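Inside the fold
Each chain, letter by letter, is given below.
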There are 2 protein chains.
Amino acid sequence: MKLNTKSRYAVMALADMSKFPINNPVSLRDISLRQSISLLYLEQIFLKLKKNEIVKSVRGTNGGYVLRRDPKNIKLSEIFQAVDQKVKTVGCKKDSKKGCNGKSVKCITHELWDELDIYINNFFENKNLSDLLVNKERNY
Amino acid sequence: MKLNTKSRYAVMALADMSKFPINNPVSLRDISLRQSISLLYLEQIFLKLKKNEIVKSVRGTNGGYVLRRDPKNIKLSEIFQAVDQKVKTVGCKKDSKKGCNGKSVKCITHELWDELDIYINNFFENKNLSDLLVNKERNY
DNA sequence: ATATACCCGACTAAAATAGTCAAGTATTAC
DNA sequence: GTAATACTTGACTATTTTAGTCGGGTATAT
Ligand code: FES
Ligand code: FES
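Described below are features of the structure shown in this document. Model, not experiment: these values are computed from the prediction. (Residues numbered from 1 in each chain as written. Chains lettered and ligands numbered in written order. Predicted model: local features only at pLDDT ≥ 70, side-chain atom pairs only at ≥ 80, totals over all residues. Heavy atoms only, no water.)

Section: the nonpolar core
- Among the nonpolar cores identified, the biggest contains 84 residues, and F46 of chain A together with F46 of chain B are the most heavily contacted of them.
- Not counting chain neighbours up to four residues away, the residues in contact with F46 of chain B comprise A13, L14, M17, L28, I31, V55 and Y65 of chain B. (Core = buried A, V, L, I, M, F, W, Y, C linked by side-chain atoms within 4.5 Å. Buried < 20%, exposed > 50% of the residue type's maximum accessible area, 1.4 Å probe, protein only. Contact = heavy atoms within 4.5 Å.)

Structure below.
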C-alpha cells in the first residue's frame with residue numbers, strides 16, 4: 001500500500017497555499033520553489049484541482065491560483081478524488097456481482113478488503129486542509 | 001493507494017487453509033484450484049510465509065503446508081510483513097531527519113502521512129485470520 | 001521407482017508512476 | 001504595444017513496480 005506523489009503533492013501544494021491570505025493568488029512557481037516540487041508536474045495537478053473546483057486560476061502577471069473555499073471546508077477526500085487517486089483494496093470490480101479471479105461469487109477475503117477500503121476512506125473524509133496547519137510553524 | 005496481489009493472495013490462501021483441521025497439510029495445488037491463484041505464484045508467496053514462521057511445510061506425497069499457530073493468533077500485520085509488503089505513505093525515509101525532496105526538515109504534510117501510516121497499520125494489527133471466518137459459508 | 005509436492009533463484013512482460021515537452025493563451029506592467 | 005508572467009492542454013517517455021513465469025532442483029510416501 002503506497003501513497004503516490006500526485007496525491008501527496010496535491011495536498012502539500014494546497015497546504016502551502018492555505019497559509020496565505022485567501023484571495024491572494026499564489027503562483028505555482030512559488031509553490032514549486034518552496035516545496036521543491038517540479039513546476040511542470042504541479043501544473044498538471046492544478047489543472048485537475050481547477051476542474052474539480054477546489055481552486056480557481058488568475059492568469060497573467062501576479063496571477064496564480066486561489067482556493068475556492070476556506071481550508072476548513074476542503075476535505076482530503078475531495079482532493080484525492082480531484083486528482084483521480086482512488087483507494088483500491090479489493091481485487092474485483094466493486095459494483096459487479098463477480099469476484100476477483102473471474103469467479104461468479106465474491107471471494108473469501110472480499111469483505112475484509114471492503115472494510116479496509118471504507119476504513120481508509122474514512123480517514124480522508126475526516127481530515128481537511130486546516131487540520132494541517134494547527135500548531136505548525138511557518139517553515140517556508 | 002492500492003493493495004497488491006501478493007498481500008491479497010497471501011491472506012486469501014491462509015484463510016483457505018484455516019478452514020481445514022489444523023494439522024492437515026493443505027497442498028498449494030488445491031489452494032490454487034479453489035481460489036484461482038497461480039500455483040507458481042503461490043509457491044513464491046509460501047516460501048516467505050514459511051521463512052517467517054507462519055506456516056510449516058510437509059514434503060512429499062500428501063504433503064502441503066500447515067499453519068504454525070491457531071488462526072486466532074495470526075495477525076494480518078504479520079502476514080503483510082512476511083511477504084515484504086509495507087504501508088508507505090510518507091515520501092521521506094522514516095528514520096531519517098531529512099524530509100522528502102531532499103530537504104533537511106520534514107515537509108508540511110509529513111505528520112499527516114505519518115498519522116495515516118499508523119492508522120492503516122492499526123487495521124492490520126487488529127485483524128487476525130479467524131476474523132475472516134466468522135459467519136461465512138464454506139464456499140469452495 | 002515413481003509420483004507428488006515443496007524449494008529457490010533468476011527472469012520477464014505489462015502496467016503504473018512520475019514526471020517532461022511543445023506549443024499555446026490570457027493578463028498585467030511599463 | 002510589447003514584454004514578461006503565469007496559466008492551459010494534450011501528448012509523450014523513462015523508470016520503477018507488479019504480477020507473475022521458468023527451469024531445474026530436493027524430500028517423502030506409496
Ligand atoms: S476481492 Fe472482491 S471478490 Fe475477491
Ligand atoms: S513526507 Fe516526510 S518529509 Fe515529506
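Having seen the model, we can carry on.
Examining a positive patch on the surface
- On the surface, K2 of chain A together with K88, K93 and K98 of chain B cluster together to form a positively charged patch.
- By the secondary structure assignment, K93 of chain B is in the loop between α4 (76–82) and α5 (110–125).
- Take K93 of chain B: its relative accessible area is 66%, and that puts it in the exposed class. (Patch = residues over 30% accessible without salt bridge, like charges linked within 9 Å, V, L, I, M, F, W, Y side chains within 5 Å. Areas by Shrake-Rupley, 256 points an atom, 1.4 Å probe, with all protein chains shown as cover. Salt bridge = Lys/Arg side-chain N within 4 Å of Asp/Glu carboxyl O. Lys, Arg positive; Asp, Glu negative; His and termini not counted. Charge placed at Lys NZ, Arg CZ, Asp CG, Glu CD. Helix = DSSP H or I, 4+ residues; strand = E, 2+ residues; numbered from the N terminus.)

Details of the packing of aromatic side chains
- In the structure shown here, the tally under the stated rule is 13 aromatic pairs over all chains.
- The interplanar angle of 85° and the centroid separation of 5.7 Å between the aromatic rings of F123 of chain A and F124 of chain A together place this pair among those described as edge-to-face. The same class applies to F123 of chain A and to F124 of chain A, which are both buried.
- Seen from their ring centres, F46 of chain B and Y65 of chain B are 4.9 Å apart, and the 45° between their planes marks the pair as tilted. With F46 of chain B in helix α3 (residues 39–51) and Y65 of chain B in strand β2 (residues 64–67), this residue pair connects regions lying 19 residues apart in the sequence. In terms of burial, F46 of chain B and Y65 of chain B fall into one category: buried.
- Taken together, the ring pairs in this structure connect F80, W113, Y119, F123 and F124 of chain A together with F80, W113, Y119, F123 and F124 of chain B into an aromatic cluster. (Phe/Tyr/Trp six-rings, centres within 6.5 Å; stacked < 30°, edge-to-face > 60°.)

Considering the side chain of T109 of chain A
- The residue T109 of chain A is located in the loop between α4 (76–82) and α5 (110–125) in this model.
- A polar side-chain atom of T109 of chain A sits 3.1 Å from a polar atom in the side chain of W113 of chain A.
- Once residues lying within four places of it in the same chain are set aside, the contact partners of T109 of chain A are V11, M12 and L132 of chain B. (Polar contact = N/O pair within 3.5 Å; in protein donor to acceptor, adjacent residues only side chain to side chain.)

Focus on the protein's contact with DNA strand D
- Around DNA strand D, 27 residues are found, and the nearest of them are K50 and Y65 of chain A together with S38, Q44 and R59 of chain B.
- The share of sugar and phosphate among atoms of DNA strand D within 4 Å of the protein is 64%.
- The contact in question runs from a sugar or linking oxygen of DNA strand D to an N or O atom on the side chain of R59 of chain A, over 3.4 Å.
- Take Y9 of chain B: an N or O atom from its side chain is 3.2 Å from a phosphate oxygen of DNA strand D.
- When contributions to the surface near DNA strand D are tallied by element, the ones reaching two or more residues are α3 (39–51), β1 (55–58) and β2 (64–67) of chain A together with α1 (5–17) and α3 of chain B.
- When residues of the surface near DNA strand D are assigned to their parent elements, the largest contribution, 4 residues, is made by α3 of chain A.
- Each residue belonging to the surface near DNA strand D can be placed in one class, and the counts come to 8 nonpolar, 15 polar and 4 charged. (Near = heavy atom within 4 Å. Nonpolar A, V, L, I, M, F, W, Y, C, P; charged D, E, K, R; others polar.)

Focus on the relation of the copies chain B and chain A
- The two copies are related by a screw operation: chain B maps onto chain A through 180° of rotation and 0.0 Å of translation along the axis, at an RMSD of 0.0 Å. Each copy turns onto its partner about a two-fold axis. Minimal C-alpha distance to the rotation axis in chain B is attained by M1 of chain B, lying at 2.8 Å.
- A symmetric contact is evident, with 98% of the interface residues of chain B recurring at the interface of chain A. (Least-squares fit on C-alpha atoms with pLDDT ≥ 70 in both.)

Description of the interface of chain B and chain A
- If you look at the interface, chain B gives 43 residues, while chain A gives 42 residues.
- In this assembly, chain B packs against chain A so that about 4000 Å² is buried in total across both faces, 63% of it on carbon and sulfur atoms.
- Run the count over chain B and chain A and you get 2 salt bridges.
- Among the salt bridges present, the one from E115 of chain A reaches K127 of chain B, with a minimum N-O distance of 2.8 Å.
- For the pair chain B and chain A, the interface holds 11 residue pairs in polar contact (both at pLDDT 80 or more).
- At the level of secondary structure, the elements contributing two or more residues to the side of chain B that touches chain A comprise α1, α2 (28–35), α4 and α5 of chain B. (Buried area = accessible area lost by both parts, 1.4 Å probe.)

Looking at the environment of L76 of chain B
- Looking at where L76 of chain B falls in the secondary structure, it is placed in helix α4.
- Residue classification places L76 of chain B among the buried residues on the basis of a relative accessible area of 1%.
- Sequence separation between L76 of chain B and Q35 of chain B is 41 residues; the distance between their C-alpha atoms is 19 Å.
- When neighbours within four sequence positions are excluded, L76 of chain B is seen to be in contact with L112 of chain A together with V11, F124, K127 and N128 of chain B.

By themselves, these are just geometric observations and shouldn't be taken as functional.
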